[in-house]
Amino acid sequence: MGLALYGGQRTRASMPRWYMEEKGIAYDWRMLDMQAGEHKQEPFLSINPFGKLPALVHEDPALPSGRLQMFESGAILLYLAELSGECGSSAERSLAAQWVLFANATLATALFVPTNREKEFPRLMGVLNRLLDGGKPLMGGSWGVADCAVNAYLAYLPMFFPDLDLSPYPAVQATIAATQARPAYRKVMGLA
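Draft legend 1. Representation of the overall build of the chain within the structure. On a plain count of helices and strands, the chain comes out with seven helices and four strands. What you see in the chain, going N to C, is helices and strands ordered as β-α-β-β-β-α-α-α-α-α-α. Seen along its three principal axes, the alpha-carbon backbone of the chain occupies a region of about 50 × 40 × 30 Å. Relative to its full complement of 192 residues, the chain shows a buried share of 45%.

Draft legend 2. Just unusual backbone geometry, in detail. The step from Glu42 to Pro43 runs through a cis peptide bond, and the omega angle for that step is 10 degrees. Following Leu53, the chain continues to Pro54 via a peptide bond in cis, the omega torsion being 10 degrees. Looking at the secondary structure, you find Pro54 in the loop between β2 (28-31) and β3 (55-59). The backbone of Arg10 shows a phi angle near 55 degrees, a positive value even though the residue is not glycine. By the secondary structure assignment, Arg10 is in the loop between β1 (2-7) and α1 (14-23). According to the relative accessible area criterion, Arg10 is exposed, its value standing at 71%. The backbone phi angle of Glu72 is positive, close to 80 degrees, even though this residue is not glycine. Residue placement: Glu72 occurs in the loop between β4 (67-71) and α2 (73-84).

Draft legend 3. Summary view of the pattern of salt bridges. Within the structure shown, the criterion is met by six salt bridges. Linking Glu22 and Arg182 is a salt bridge whose minimum nitrogen-to-oxygen distance equals 2.7 Å. Taken together, the positions of Glu22 in helix α1 and Arg182 in the loop between α6 (170-181) and α7 (183-188) put the pair 160 residues apart, joining distant regions of the chain. Glu59 is the partner of Arg67 in a salt bridge, and the nearest nitrogen-oxygen pair spans 2.2 Å.

Draft legend 4. The sheet that holds β2, seen in detail. Spatially, four strands are ordered β2-β1-β3-β4 in an open sheet, and the strand pairing comes out mixed. Bordering the open sheet on either side are β2 and β4, each of which pairs with just one other strand. The average undirected angle you get between the axes of adjacent strands in this sheet is 15 degrees. Bridge analysis of β1 against β2 gives four bridges, and the strand direction is parallel. Paired with Ala4 across the bridge in β2 is Asp28.

Draft legend 5. Helix α5 (residues 145-160), seen in detail. With 16 residues, α5 should cover 22 Å at 1.5 Å per step; its first-to-last C-alpha distance of 23 Å lies within 8% of that length. Roughly 25 degrees is the biggest bend found in α5, and it falls at Asn151. Burial of α5 is extensive: 13 of the 16 residues sit out of reach of the surface.

Draft legend 6. Broad picture of the packing of α5 against α6. At a closest axis distance of 9 Å, the pairing of α5 and α6 adopts a crossing angle of 95 degrees. When the axes of α5 and α6 are compared, the pair comes out roughly perpendicular. Packed against α5, whose contacting residues are Asn151, Leu154, Ala155, Leu157 and Pro158, the element α6 presents Val172, Thr175, Ile176, Thr179 and Gln180 at the interface. Here the contact of α5 with α6 is composed, by residue class, of six nonpolar, four polar and no charged.

Parameters at a glance
Residues numbered from 1 in each chain as written. Predicted model: local features only at pLDDT ≥ 70, side-chain atom pairs only at ≥ 80, totals over all residues. Heavy atoms only, no water. Helix = DSSP H or I, 4+ residues; strand = E, 2+ residues; numbered from the N terminus. Buried < 20%, exposed > 50% of the residue type's maximum accessible area, 1.4 Å probe, protein only. Salt bridge = Lys/Arg side-chain N within 4 Å of Asp/Glu carboxyl O. Pairing = 2+ DSSP bridges. Axes fitted to C-alpha atoms, helices over the stretch in contact; angles between N-to-C directions. Expected span 1.5 Å × (residues − 1). Bend = angle between axes of the 7 residues up to and from the residue. Parallel < 35°, antiparallel > 145°, perpendicular 65-115°, else oblique. Contact = heavy atoms within 4.5 Å. Nonpolar A, V, L, I, M, F, W, Y, C, P; charged D, E, K, R; others polar.

Coordinates in, geometry out; function isn't part of it.
Structure below.
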C-alpha cells in the first residue's frame, strides 16, 4: 500500500499526517513549497485541480485503476480511518463522519470566522467542555479519527489565539495539553 500525503506549512495536512503517525500507517510525506506556488502548478494540479492542500494519493493494485487521489482533510481522515480498520460498521463510519464534519465545518467556522467566534465559540466550548470531561475519546474505546479532527482544532487555539481565555473550559484545556503532549502530534507539529 503506497500512500503519499501532500502538504505545506500551516495547512490542514497536519491532521491526516497526525492520524497516520498515531495509527502507524506508513506514508510518504511530500511537503510542497507554497511560497513558490508548487500547489498551483503541475504536477500537483493533476492531483488536486483546486490547488489546495492536503491531498492524498494511494497507489494499490486492488483499487480501481490502481490509484486513488483525494483532497479535503476530512475526506482523507475518513478514508484513513477505513484503511486502519477503525470504522468497521456503518454506525462507526457515520459517527466518525459526524465528528470530522463538525470539526471542519462547525468548529473551524466558530474559531476562524471572527463574526462567528463571538457567538458560537462560547456555546461550542461549553458543550465540548462537558463532552471532554474525564478525558475519554469521543467515540468510545480508544483515540481515533474523531479525536484527531476535533482535538487538532482545539490545539490550534493557543497557536492562533494566545490571548483567548480558556479558563472557563478546564476539560478543553486538559484536552489541549494532552494533545500537545502526544509524541505523534509533537513530531508532526515540529515540536519533538
